[in-house]
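Each chain, written out:
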Amino acid sequence: MSSWGKYKPNESGKNSWSQEEAFEKLTTFCAYQDRCPWEVRRKLHDKGIKDEPAEQIITELIAEEFVNEERYARAFARGKFRLKKWGRNRIRMELKMREIPESLIRKGLSEIDPEEYYDTLLTQTEKKWESTRESDSFKKKYKVTQYLMSKGFEMDLVKEAVESLQSQ
């Protein structure tokens, strides 16, 4: 379980919602952008709705297709890869933090085209290589590798990309 709400369990947000008001507001919240149950639970917690009432609202949102974990995982993986240039490892960690099941994480990651993934890795490698001001090539290689690893790219692919850049 994640740690939010753990340190101040009895403290609710600035203004609280009734259950009916919460459902209405959350339909808008979920229609605007795909959400997972974890994000909805967090929003409810912030507004002072916890435990059984919160779970009832989430169940109702799932039943009416406002919340769908598979759709969320697929959209999240596509978006973070295309917009933020995150690698598979980072996306996997973020989805796990949001309590998405492993089977759905795999479905989400399947949305990423392997060729596009490797092209993005090469582009990120070149950009970071050009922007890194380091005279020692070993240190420069280390810094670029660390950067790409922090973005969530796999070590073997990062190594391959850096090597291909050095051989040019």
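Relevant structure appears above.
In this report, we go over the structure that sits alongside the text. Treat the numbers as computed from the prediction; the structure is a model and nothing was measured.

**Overview of the overall build of the protein**
Step number 1: Of the regular secondary structure elements, the protein holds 9 helices and 0 strands.
Step number 2: For a compact globule of 168 residues, the expected C-alpha radius of gyration is about 15 Å, and the protein comes in at 20 Å, more than 25% above that figure.
Step number 3: Projected onto its principal axes, the C-alpha coordinates of the protein cover approximately 65 × 30 × 25 Å.
Step number 4: Buried residues in the protein amount to 36% of all 168 residues.
Step number 5: A separation of at least 24 residues holds for 68% of the contacts in the protein among residues at least 6 apart in sequence.
Step number 6: By element, 49% of the accessible surface of the protein is carried by carbon and sulfur atoms, the whole surface being about 10300 Å².
Step number 7: Treating the 33 positive side-chain charges of the protein as one cloud and the 31 negative ones as another, the clouds have centres 6 Å apart.

**Some points on the pattern of salt bridges**
Step number 1: One pass over the full model with this rule turns up 17 salt bridges.
Step number 2: For E116, the salt bridge goes to R82, with nearest N and O atoms at 3.1 Å. Of the two residues, E116 sits in helix α7 (residues 114–131) while R82 sits in helix α4 (residues 69–84), which places them 34 residues apart along the sequence.
Step number 3: Since its relative accessible area comes to 41%, R82 is described here as partly exposed.
Step number 4: Between E163 and K141 there is a salt bridge whose closest N-O contact spans 2.6 Å. With a gap of 22 residues between them, E163 in helix α9 (residues 155–166) and K141 in helix α8 (residues 137–150) connect regions that are remote in the sequence.
Step number 5: The class for K141 is partly exposed, based on a relative accessible area of 25%.

**Here's the deal with the nonpolar core**
Step number 1: In terms of nonpolar packing, the biggest core is built from 26 residues, with I91, L95, I100, L121 and L148 touching the most fellow members.
Step number 2: For this core, the elements supplying multiple residues, two or more each, are α4, α5 (88–97), α6 (102–109), α7, α8 and α9.
Step number 3: Judged by nonpolar contacts, the second largest core, of 14 residues, contains F23, C30, A54 and L61.

About the criteria used
- Per chain, the residues get numbers from 1 upward, laid out in the order the sequence is written.
- With pLDDT at 70 or above as the cut-off, local features in this predicted model cover only qualifying residues; side-chain atom pairs require 80 or more to be listed or tallied, and sums for whole chains, interfaces and linings still use all residues.
- Only hydrogens and water are removed before side-chain values are computed, so all heavy atoms of the structure are retained for them.
- Going along the chain from the N terminus, every DSSP run of H or I of four or more residues is numbered as a helix, and every run of E of two or more is numbered as a strand.
- The globule rule used for comparison is 2.2 Å times the number of residues to the exponent 0.38, while the radius of gyration itself is calculated over C-alpha atoms.
- Here the term buried applies to any residue with accessible area under 20% of the maximum for its type, exposed to any over 50%, and partly exposed to those in between, with areas from a 1.4 Å probe on protein chains only.
- What makes two residues a contact is simply this: any of their non-hydrogen atoms within 4.5 Å.
- Accessibility throughout is a Shrake-Rupley quantity obtained with a 1.4 Å probe, and a residue counts as covered only by protein chains that appear here.
- His residues and chain termini do not enter the charge count, which takes Lys and Arg as positive and Asp and Glu as negative.
- Working definition for charges: the position is that of NZ of Lys, CZ of Arg, CG of Asp or CD of Glu.
- Here, a salt bridge means any side-chain nitrogen of Lys or Arg that lies within 4 Å of a carboxyl oxygen of Asp or Glu.
- Put simply, buried Ala, Val, Leu, Ile, Met, Phe, Trp, Tyr and Cys residues joined by side-chain atoms within 4.5 Å make one nonpolar core.

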